[in-house]
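Here is what each chain is made of, one letter per residue.
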Amino acid sequence: MKNILITGGAGFIGSHLVRLMVNKYPQYNIINLDKLTYAGNLANLKDVQYSPNYRFVKGDICDFIFIQKLFAEYNIDGVIHLAAESHVDRSIKDPFSFAQTNVMGTLSLLQTARLFWEGSFEGKLFYHVSTDEVYGSLKDDGTFFLETTKYDPHSPYSASKASSDHFVRAFYDTYGFPVKISNCSNNYGSYQFPEKLIPLFINNIRNNKPLPVYGKGENVRDWLYVEDHASAIDLIFHKGRKGETYNIGGFNEWKNIDLIKLMIKVVDKFLGRPEGSSESLITYVTDRAGHDLRYAIDSTKLHNELGWSPSLQFEEGIERTVRWYLENQEWLDNVTSGDYQRYYDEMYK
Ligand code: NAD
Ligand code: TYD
């Protein structure tokens, strides 16, 4: 039996990973540690909440004393660390909480695991989940981010993630502490908080609300279905080499405006509106400060070393995603109204 701590498991990617690990590995105890910030929602995990190999613990990764008690209580063997503040626009307004959670929170986990595992790192692992945004911004010239690309973060979000990646590597170099890191491109799929482009726009199209396109809509993002990210994490956690970084992405670049038009087409089709009619909702707004032009990830290393490939074509993934948000209006309405927080705040008071 292995005791695996997953942090941020009530968030978007974390909930998909928790579901995968709980269902696929009954021999593991999966402990989901989450502070339940605005982005954490236990409704994302209703289908596994009573599984015998699953525990939820509400707590803050920045609380060093609490994390030490948690390690002792659950005798943690492995950590998959996803808890973070994750939205670029919020980081522009409030950089402090990004430094606090993403940098200090990661350090608090690293230091606890090091002290707890000291003596023998055999069979132990700290897996840090990071983003391609640490590599900065690419020109529109067909180049890609490699694992060796120099870090060049521009937003407070990416600067805080870059900093946490450096701490993880420093622990490997300094203490021989067992780590793995992955840097993934933009994810999409079910249970994503509707402040991010894809769920926000699906919800706004549904409600006939304006679609705020930053700048000219010419920025490029590289999109990966969230379940493919979870499967890559599972593979790297079990088979990846220690001390290594793996890029995760599906070679799937989309200019924002093209993606937005695709979403409009699919949502219009599902809602029985004339296809493309919701394009009238497109509203060009002031660009995001420091807006990175293009992200594109080269995941050849992960493919060649571990045989990973994404399972889904993008058009199919978008159809599936649109259908999920339209069929789960209660989830979306609870999240946008804030009801989900009041319910769980009461439960975990
Ligand atoms: P999210 O914002 O949906 O979820 C983050 C989770 O962390 C929430 O459940 C929140 O309650 C929890 N959390 C926040 N602060 C905490 C704290 N102090 N203590 C404990 N829990 C806390 O984020 P996401 O999109 O699921 O991203 C998860 C991870 O993956 C992040 O580290 C992010 O940087 C990384 N990542 C995200 C993407 C993406 O496209 N979303 C891409 C690559 C990497
Ligand atoms: P987002 O989902 O916030 O992810 P990230 O900034 O981490 O890539 O944004 C994706 C792209 O969509 C990014 O180029 C910014 C743009 N965008 C808009 O044009 N309007 C919006 O309302 C949002 C949230 C994003």
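Residues numbered from 1 in each chain as written. Chains lettered and ligands numbered in written order. Predicted model: local features only at pLDDT ≥ 70, side-chain atom pairs only at ≥ 80, totals over all residues. Heavy atoms only, no water.

Draft legend 1. Quick look at helix α7 (residues 226–239). When the terminal C-alpha atoms of α7 are compared, their 20 Å separation across 14 residues agrees well with the 20 Å that a helix rising 1.5 Å per residue should span. Buried within α7 are the following residues: V226, D228, H229, A230, A232, I233, D234, I236 and F237. (Helix = DSSP H or I, 4+ residues; strand = E, 2+ residues; numbered from the N terminus. Expected span 1.5 Å × (residues − 1). Buried < 20%, exposed > 50% of the residue type's maximum accessible area, 1.4 Å probe, protein only.)

Draft legend 2. Geometry of the packing of helix α6 (residues 197–206) against helix α8 (residues 256–271). For the pair α6 and α8, the least separation of the axes is 10 Å and the interaxial angle reads 45 degrees. With respect to α8, the element α6 is oriented oblique. Along this stretch, α6 crosses α8, giving a crossing that reads as right-handed. Residues L197, I198, F201, I202, I205 and R206 of α6 touch α8, and the partners they reach there are N256, L259, I260, M263, I264, V267, D268 and L271. (Axes fitted to C-alpha atoms, helices over the stretch in contact; angles between N-to-C directions. Parallel < 35°, antiparallel > 145°, perpendicular 65-115°, else oblique. Left-handed = near helix turned anticlockwise from the far one by under 90°. Contact = heavy atoms within 4.5 Å.)

Draft legend 3. Layout of the site of ligand 2. Surveying the vicinity of ligand 2 reveals 18 residues, the closest of which are E133, P212, R221, R288 and H291. Note that an oxygen atom of ligand 2 is positioned 3.0 Å from one of the backbone N or O atoms of L197. The separation between an oxygen atom of ligand 2 and a polar main-chain atom of Y214 is 2.9 Å. In the complex, 96% of the free accessible area of ligand 2, which totals 510 Å², lies under the protein chains. For the shell around ligand 2, the elements supplying multiple residues, two or more each, are α6 and β8 (211–214). Each residue belonging to the shell around ligand 2 can be placed in one class, and the counts come to 8 nonpolar, 5 polar and 5 charged. (Near = heavy atom within 4 Å. Polar contact = N/O pair within 3.5 Å; in protein donor to acceptor, adjacent residues only side chain to side chain. Areas by Shrake-Rupley, 256 points an atom, 1.4 Å probe, with all protein chains shown as cover. Nonpolar A, V, L, I, M, F, W, Y, C, P; charged D, E, K, R; others polar.)

Draft legend 4. Broad picture of the packing of aromatic side chains. Going through the model one piece at a time under the given rule, you end up with 22 aromatic pairs. With 5.1 Å between their ring centres and 80 degrees between their planes, Y188 and F314 make a pair best called edge-to-face. Pair noted here: Y188 is in strand β7 (residues 186–188) and F314 is in helix α10 (residues 314–327), with a separation of 126 residues, a long-range link. The burial state of Y188 is the same as that of F314; both residues are buried. (Phe/Tyr/Trp six-rings, centres within 6.5 Å; stacked < 30°, edge-to-face > 60°.)

Draft legend 5. The arrangement of the pattern of salt bridges in detail. With the rule as written, the count across this model stands at 16 salt bridges. With a shortest N-O distance of 3.1 Å, D77 and K124 are connected by a salt bridge. You can see D77 sitting in the loop between α2 (64–74) and β4 (78–81) and its partner K124 sitting in the loop between α4 (95–117) and β5 (125–131), a full 47 residues away along the chain. Assigned by exposure class, D77 and K124 land together as buried. Ionic pairing is found between R114 and E118, a salt bridge with its closest N-O pair at 3.4 Å. Within the structure, one salt-bridge network assembled from shared partners comprises R241, E244, K301 and E305. (Salt bridge = Lys/Arg side-chain N within 4 Å of Asp/Glu carboxyl O.)

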